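Chain by chain, the residues:
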Amino acid sequence: MIESLQHFFANWITQDVMVVAFFAAAIALLVRGSRNERWQRAWKFMKGDRLGLVAGVLIIGYLIIGGLDLLKISPTTSVFDWLANAVVGLQDEPTKASYSAPFATHTFSTAKPEPLQFPGRHFLGTTQIGKDTFIQALKGSSTALLLGGLTSLIYLPLGILLGISAGYYRGWVDDAIQYIYSTIMAIPDILFLIAFIMVFGKGVGTMSWALALTSWISLCRLLRGETMRLTERQFISAARALGQSHWNIITRHLLPNVMHLVLINFVLGFSGVVLTEAILSYLGVGTPIGTASWGQMIDGARGELSREPVVWWNVSAATVALFGLVLSLNLFADSLRRAFDPKRS
Amino acid sequence: MFSYLIRRLLYAIPILFGVMLITFLLFFVVQPPYARARAILGEKARPAQVQQWLHDHGYDKPTYLNTKPGQHLFDSLFVNQMKRLITFDFGVSDKTSLPIAKTFTDGVIPSLCLTLPAFVIGFIMAVTLSLYQVFIRYSALDRFGVFLCVALMSIPPMIYMFVGQRVLAMQLNYFPAYGFDLRGWQTAKFVLLPVTLMIVMYLGNDVRLYRTIFLEEITQDYVRTALAKGVPQSRVLFVHVLKNGMISLITLVVAHLPFLIMGSLLLENFFGIPGLGNALIHAIQTGDAAMTNALVYLGALFYLAGLMLTDICYAFADPRIRLS
């Protein structure tokens, strides 16, 4: 039963369907959000924030590349691979499994350089197994997207549910939720992640769970506080006086008023996931070896930088790609925060 | 005040118990001792060998309650593990069979050599820079400062280490590239580069955070009053705002406390400093669950100790708590 489920989820068609569904759901949520008056005001504010807009466009670029790489057209090739190989003409070295420098015509070897199949085409060089570094660096965004997406799918509902419940019901519900997150918080994040992954085994799935279990806390605390503030307001008292059910008050009155906090937290959480993946991969408990992730590429630098002459292009490409995404996410989150709360920042 | 502190202490106990429960679930239930033995001894180990290993480490007990006839009911993994953690008897490492407590006492000093200077200098720098940013708030320079902070915190920490070692140590020869020696000034020579890198790694994040806190503080009424009675703006910031902002800062600073003692995992490993962070990395690489378990517990303990310390600081700083 479990095995057949695993087969089902490991299937590339299932993956495609899930990726499309995920993107559709995200767009639907944004469209739904844009009907909210507060979001419209924020959008007006954001239009004047050039840095935030540039960051937003960059993020969309990363999302498109990552999404295209997650969409498979066969078990091993993605839409992105196909575009890169057949349309743009960037190819991996099929036979020469070795490093080659940017724009090189021969493999990177002081003793016996061999001619490349695509000389001068790899403008960021190739990796140890002859893959084009530029393509690998771009493909890293798919791992980032997958991890960030899975983590958010787990931690956002958890954080929203527990945070609003704690703030709305108070009493023993609040005490219990506070106890749970105080306990997890007491273990330093990185130690919890390491212990969790060590015990459950490496893999993207385990890592998402581990990251989700540490990320929901900040969202939960934020929403708890905000919900407590909101429930003091008159519109909630009015809803109560009119006899609205708890469910209605939470979904119709509280949730729309905290969704912007969720959005900001989500964007920041994404950048945290990308950085943490790099650190965990470096510590040896990250994504499995062979994954096209920035963490793996940076981890590889330990050996590459001690070679003579130095193999610098892989780590540089991965760092620039990662830095671009994390910086854009951070700047975009700042910009969102300003837009939703212009008075305070 | 005394009753307040007692209350806080009592609040920490169930949390510590929760942490013990989480570590037990992870290291004894999800990954039963048998799997640990297999991981350490290898797949080819004979069953007798595995049994012997389990017996040596005291892992050959039932999980929760010992219902075997003739044996004590509470002689189980769970009860024994709880007893051990409470009494700080961490036992021996799974991999090397050396006492874990020894690793800790050996590792604390090197870790502190790295983290304590980095923490103190970094904190002073971050507070100064963020206050200066608040002083020139919303100017072009302030905006650029914020951007720089975000950029600094968007670079993975490993890159600082790679570049630092490569450029500062190996090409310019300012520092030794690797190693550690606990001998007075010799230590400083080895620690200087990691300390510098650690400060830079955390600076962006800290400055940005403190700036937000201080910005919140300057909207308070007492700032307006001070300015109205003619106190110069620099004095308002660096005396009044700093003092009040410190109360919020204490909480944030405490979150760093476990890392002071646990050291910085990445830096210690990369520069060969034999501290606790390095011990943890070795434990990860060798699959040493007993060591990781002990370190996780210790990290939580330091965090809770820090929390208690914050409460004491609060009690002294805030008369409303002191007099309650």
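Residues numbered from 1 in each chain as written. Chains lettered and ligands numbered in written order. Predicted model: local features only at pLDDT ≥ 70, side-chain atom pairs only at ≥ 80, totals over all residues. Heavy atoms only, no water.

Per an unreviewed UniProt entry, chain B is named Binding-protein-dependent transport systems inner membrane component, and its organism is Chthoniobacter flavus Ellin428. Annotation of chain B in UniProt includes, under Subcellular location (unreviewed entry), the sentence "Cell membrane". The UniProt entry for chain B carries this comment under Sequence similarities (unreviewed entry): "Belongs to the binding-protein-dependent transport system permease family." (UniProt positions renumbered as here; feature names shortened; annotations may be inferred.)

Chain A has the name Binding-protein-dependent transport systems inner membrane component in an unreviewed UniProt entry, where Chthoniobacter flavus Ellin428 is given as its organism. Turning to chain A, the UniProt record has this under Subcellular location (unreviewed entry): "Cell membrane". Within the UniProt record for chain A, the comment given under Sequence similarities (unreviewed entry) is "Belongs to the binding-protein-dependent transport system permease family."

Caption draft 1: Layout of the UniProt feature "transmembrane region" (unreviewed entry) in chain B. Residue and element names in this part refer to chain B. In this structure's numbering, the residues bearing the UniProt feature "transmembrane region" (unreviewed entry) are residues 9-30, 108-132, 144-163, 183-203, 245-267 and 294-317. The span residues 108-132 carries 100% helix and 0% strand; its end-to-end C-alpha distance comes to 35 Å. For residues 183-203, helix accounts for 90% and strand for 0%, while the C-alpha atoms at its two ends are 29 Å apart. (Helix = DSSP H or I, 4+ residues; strand = E, 2+ residues; numbered from the N terminus.)

Caption draft 2: Local environment of the packing of aromatic side chains. The tally for this structure, following the rule as stated, stands at 13 aromatic pairs over all chains. Ring centres of Tyr282 of chain A and Phe162 of chain B lie 6.2 Å apart, and the angle between their planes is 65 degrees; this geometry places the pair in the edge-to-face category. Of this pair, Tyr282 of chain A sits in helix H11 (residues 246-283) while Phe162 of chain B sits in helix H7 (residues 157-171), placing the two residues on different chains. Since its relative accessible area comes to 3%, Tyr282 of chain A is described here as buried. According to the relative accessible area criterion, Phe162 of chain B is buried, its value standing at 5%. Here a set of aromatic residues connected by ring pairs shows up, and it is made of Tyr282 of chain A together with Phe162, Phe270 and Phe271 of chain B. (Phe/Tyr/Trp six-rings, centres within 6.5 Å; stacked < 30°, edge-to-face > 60°. Buried < 20%, exposed > 50% of the residue type's maximum accessible area, 1.4 Å probe, protein only.)

Caption draft 3: The arrangement of helix H4 (residues 77-86) of chain B in detail. Residue and element names in this part refer to chain B. Looking at H4, one finds that the buried residues are Leu77, Phe78, Val79, Gln81, Met82 and Leu85. Buried residues belonging to H4 abut helix H1 (2-30), helix H2 (33-41) and helix H13 (289-317). Of the residues one or two after H4, Phe88 is the one with positive phi, at around 60 degrees. (Contact = heavy atoms within 4.5 Å.)

Caption draft 4: The interface of chain B and chain A, seen in detail. With 47 residues of chain B in contact, the opposing surface of chain A contributes 42 residues. Between chain B and chain A, roughly 3700 Å² of surface is buried when both sides are summed, and carbon and sulfur atoms account for 78% of that area. The largest contributions to the chain B side of the interface with chain A come from Ser154, Phe162 and Ile284 of chain B, which together make up 15% of the buried area. Linking Asp334 of chain A and Arg208 of chain B is a salt bridge whose minimum nitrogen-to-oxygen distance equals 2.8 Å. (Buried area = accessible area lost by both parts, 1.4 Å probe. Salt bridge = Lys/Arg side-chain N within 4 Å of Asp/Glu carboxyl O.)

Caption draft 5: Focus on the environment of Arg7 of chain B. Relative to the elements of secondary structure, Arg7 of chain B occurs in helix H1. For Arg7 of chain B, a relative accessible area of 52% translates into the label exposed.

Caption draft 6: Broad picture of the confidence of the model for chain A. Chain-level statistics for chain A give a pLDDT mean of 83 and a share of 88% at 70 or above. Mean pLDDT in chain A bottoms out at helix H1 (residues 2-10) of chain A, which sits at 67, and peaks at helix H9 (residues 204-231) of chain A, which reaches 91. (pLDDT = per-residue confidence, 0-100.)

Caption draft 7: Representation of the pattern of salt bridges. Taken as a whole and judged by the stated rule, the model has 10 salt bridges over all chains. Notably, a salt bridge pairs Arg224 of chain A with Asp174 of chain A, separated by 2.7 Å at the nearest N-O pair. Here the residue Arg224 of chain A occupies a position in helix H9, and Asp174 of chain A occupies one in helix H7 (residues 171-186), the gap between them amounting to 50 residues. Salt bridges sharing partners connect three or more residues here, namely Asp334 and Arg337 of chain A together with Arg208 of chain B.

Caption draft 8: Representation of the domain arrangement of chain B in the model. Residue and element names in this part refer to chain B. Each domain of chain B was delimited in the assignment, giving domain 1 (2-86) and domain 2 (105-317). Summarising the inter-unit geometry, the C-alpha centres of domain 1 and domain 2 are found 35 Å apart. Opposite the 19 residues of domain 1 that make contact, domain 2 presents 16 residues. Summed over both partners, the interface of domain 1 with domain 2 comes to about 1400 Å²; 75% of that surface belongs to carbon and sulfur atoms. Put simply, domain 1 and domain 2 have zero salt bridges between them. Counting every contact that joins domain 1 to domain 2 gives zero residue pairs in polar contact (both at pLDDT 80 or more). Among the elements of the structure, H1, H2 and H4 are those that each provide at least two residues to the side of domain 1 that touches domain 2. (Domains from an automatic or database assignment. Polar contact = N/O pair within 3.5 Å; in protein donor to acceptor, adjacent residues only side chain to side chain.)

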